[in-house]
Amino acid sequence: MTMSSRALNLLAAKAPTLEQAIEVARRKAFVILDGTLLRIDRVGMASGYDRAFYSGKHKAHGLNVQVIANPIGRLVWISPPLPGARHDMGAAREHGIIDAFTAHKIPAAADTAYLGAGPTVAVPQRRRRKDPDTGRYRPLSRNQKDVNEAHARRRGPGERVNVELKN
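Values in this document were obtained by computation on a predicted structure and should not be read as measured data. Within each chain, residues carry numbers counting from 1 in the order of the written sequence. Where totals are concerned, whole chains, interfaces and linings use all residues; where local detail is concerned, this predicted model gives features only for residues with pLDDT of at least 70, and gives and counts side-chain atom pairs only at 80 or more. Values reported for side chains reflect all heavy atoms of the structure, with hydrogen atoms and water molecules removed beforehand.

## Considering the overall build of the protein
Link 1 in the chain: Where helices and strands are cited, they refer to DSSP runs of H or I of at least four residues and of E of at least two residues respectively, numbered from the N terminus. Along the protein, the regular secondary structure elements total five helices and seven strands.
Link 2 in the chain: Its helices and strands in sequence order give the protein the pattern α-α-β-β-β-β-β-α-α-β-β-α, from N to C terminus.
Link 3 in the chain: Buried, partly exposed and exposed residues are distinguished by accessible area as a fraction of the type maximum, computed with a 1.4 Å probe on protein chains only: under 20%, between the cut-offs, and over 50%, respectively. Within the protein, the fraction of its 167 residues that count as buried is 37%.
Link 4 in the chain: In the protein, 52% of the contacts between residues at least 6 apart in sequence involve partners at least 24 apart.
Link 5 in the chain: All accessible areas in this document rest on Shrake-Rupley with a 1.4 Å probe, and a residue is counted as covered only by the protein chains that are shown. Accessible area of the protein: about 10,600 Å², with a carbon and sulfur share of 53%. Note on definitions: a residue-residue contact is assigned when non-hydrogen atoms from the two residues lie within 4.5 Å.

Right, dumping it as structure tokens:
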């Protein structure tokens, strides 16, 4: 076993479980839920094995990890990695994050990838449906834009956690 794999095993053993992270999150006013792609080199190119790791959104190969951060931008928990083609909502459900937030009534701020995640996960307003007369999307009202701006400020510290993970 190499020195780096021993170090990784040690870190993995010290990492909190989702249950421990939920206990921390229950003591917070809210938490920030976000997914990020950790880029990797291509794997198994000839066999097609790399397809699951290719994120069409980012146009790169990587691993999808779900991150729970506290309101001031400190990492509470990071999920085990899934292939990069996995959507954030699917990954959060697979790890049990959405069910845990709902069961424990933990308020969370997230981006629109988590639309439909349940009553405790707040997401920004999306642009409204197309106007049948003009065929264009109806713009958000001033109030809806203000709500989205406030929501983005709440989520900002979580985005900084993702940047720190990548550096």
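Once you've had a look at it, read on.
## Observations concerning the pattern of salt bridges
Link 1 in the chain: Here, a salt bridge means any side-chain nitrogen of Lys or Arg that lies within 4 Å of a carboxyl oxygen of Asp or Glu. Scanning all chains against the criterion turns up five salt bridges.
Link 2 in the chain: Between E159 and R155 there is a salt bridge; the shortest N-O distance is 3.0 Å. Taken together, the positions of E159 and R155, both in helix α5 (residues 142-166) and four residues apart, correspond to about one turn of that helix.
Link 3 in the chain: Given the relative accessible area of 32%, E159 is considered partly exposed.
Link 4 in the chain: The exposure class of R155 is buried, given its relative accessible area of 14%.

## Overview of the packing of aromatic side chains
Link 1 in the chain: Within 6.5 Å between ring centres, the rings of Phe, Tyr and Trp (the latter by its six-membered ring) count as paired, and their orientation is classed by plane angle as stacked under 30 degrees, edge-to-face over 60, tilted in between. In the structure shown here, the tally under the stated rule is zero aromatic pairs.
Link 2 in the chain: Put simply, a charge is over a ring when the Lys NZ or the Arg CZ is close to the ring centre, within 6 Å, and near the line of the ring normal, within 35 degrees. Of note, R154 hangs over the ring of F30, and the distance from its end group to the ring centre comes to 3.9 Å.

## Some words on helix α4 (residues 97-104)
Link 1 in the chain: Within the sequence span of α4, burial applies to I97, I98, A100 and F101. Taken down its axis, α4 places every buried residue within 165° of arc, on the same side. Among the exposed residues of α4, those pointing more than 90 degrees away from its buried face are D99 and A103.
Link 2 in the chain: A positive phi of about 55° marks K105, the residue just after α4. By definition, the arc is the one covered by directions from the helix axis to the C-beta atoms.

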